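In case you want the letters, here they are:
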Amino acid sequence: SQKIEQNSEALNIQEGKTATLTCNYTNYSPAYLQWYRQDPGRGPVFLLLIRENEKEKRKERLKVTFDTTLKQSLFHITASQPADSATYLCAHHYTLSGNTPLVFGKGTRLSVIA
Amino acid sequence: DVKVTQSSRYLVKRTGEKVFLECVQDMDHENMFWYRQDPGLGLRLIYFSYDVKMKEKGDIPEGYSVSREKKERFSLILESASTNQTSMYLCASSWPGPNYGYTFGSGTRLTVV
């Protein structure tokens, strides 16, 4: 079955550096991949969606890449700030058509140290 | 902004009780979902619905049921609460299709004692 994995449970970085989080998937390449932010005790918040024909997507200090050859998406936060500390989740749909619910990775907890 | 409202932030129930978790969204979304989130296990799908009166089982439906009588409301029911249902429950809604992200509620942290 299709799996989506975020290899790092936790990542610590210094303020001002670029944080890079990884999302890997097995079997087929999803047509769409999403990234969410989750603060402790709160629900996830949608950040970005990237399609398989988009190599890169940006939103302010966030950048997502999608490499269908490597079966991997990278999520970058540039000029990181302590306020960026949170858990980041990647997700995709079960099927290529996207008409099934999202499957989520377990998340990477990012801590930005001042 | 789309809002998904879950009726309770914290809930404590006794084993064997019937528990209702309510979720209401205000953007006329067709799709609604219930997930539970546990440390080390991530988000797991319990049930989902793509239309009024429609429901589909997710990955872990045992011990749960749902109701969607109106488009904006999706209720999760624990028929007879057990301690292994202690968890964070998250409701989400979205437009149909893969082009849209989900909007989640703030979650209900349920403790069954």
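As a reminder, the structure under discussion sits directly above these lines.
This section reports on the structure supplied with the text.

Rules behind the numbers
- Residues numbered from 1 in each chain as written.
- Chains lettered and ligands numbered in written order.
- Predicted model: local features only at pLDDT ≥ 70, side-chain atom pairs only at ≥ 80, totals over all residues.
- Heavy atoms only, no water.
- Helix = DSSP H or I, 4+ residues; strand = E, 2+ residues; numbered from the N terminus.
- Rg over C-alpha atoms; globule rule 2.2 N^0.38 Å.
- Buried < 20%, exposed > 50% of the residue type's maximum accessible area, 1.4 Å probe, protein only.
- Contact = heavy atoms within 4.5 Å.
- Lys, Arg positive; Asp, Glu negative; His and termini not counted.
- Charge placed at Lys NZ, Arg CZ, Asp CG, Glu CD.
- Pairing = 2+ DSSP bridges.

Turning to the overall build of chain B, a few remarks are in order. Across its full length, chain B holds zero helices and twelve strands. For a compact globule of 113 residues, the expected C-alpha radius of gyration is about 13 Å, and chain B comes in at 13 Å, within 12% of that figure. Each principal axis of the C-alpha distribution contributes one length, and for chain B these read about 40 × 30 × 25 Å. Each of the 113 residues in chain B was classed as buried or not, and the buried ones make up 49%. If you take every contact in chain B between residues at least 6 apart in sequence, the share linking residues at least 24 apart comes to 55%. Each charge class in chain B was averaged separately, 15 positive and 14 negative side chains, and the resulting centres sit 6 Å apart.

Residues and elements named next belong to chain A. Across six bridges, the pairing between strand E4 (residues 32-38) and strand E5 (residues 45-51) is antiparallel. Following the sheet pairing, Arg 37 is matched in E5 by Val 45. Counting the residues that bridge the hairpin from E4 to E5 gives six residues, and of these Gly 41 lies at a positive phi of roughly 75°.

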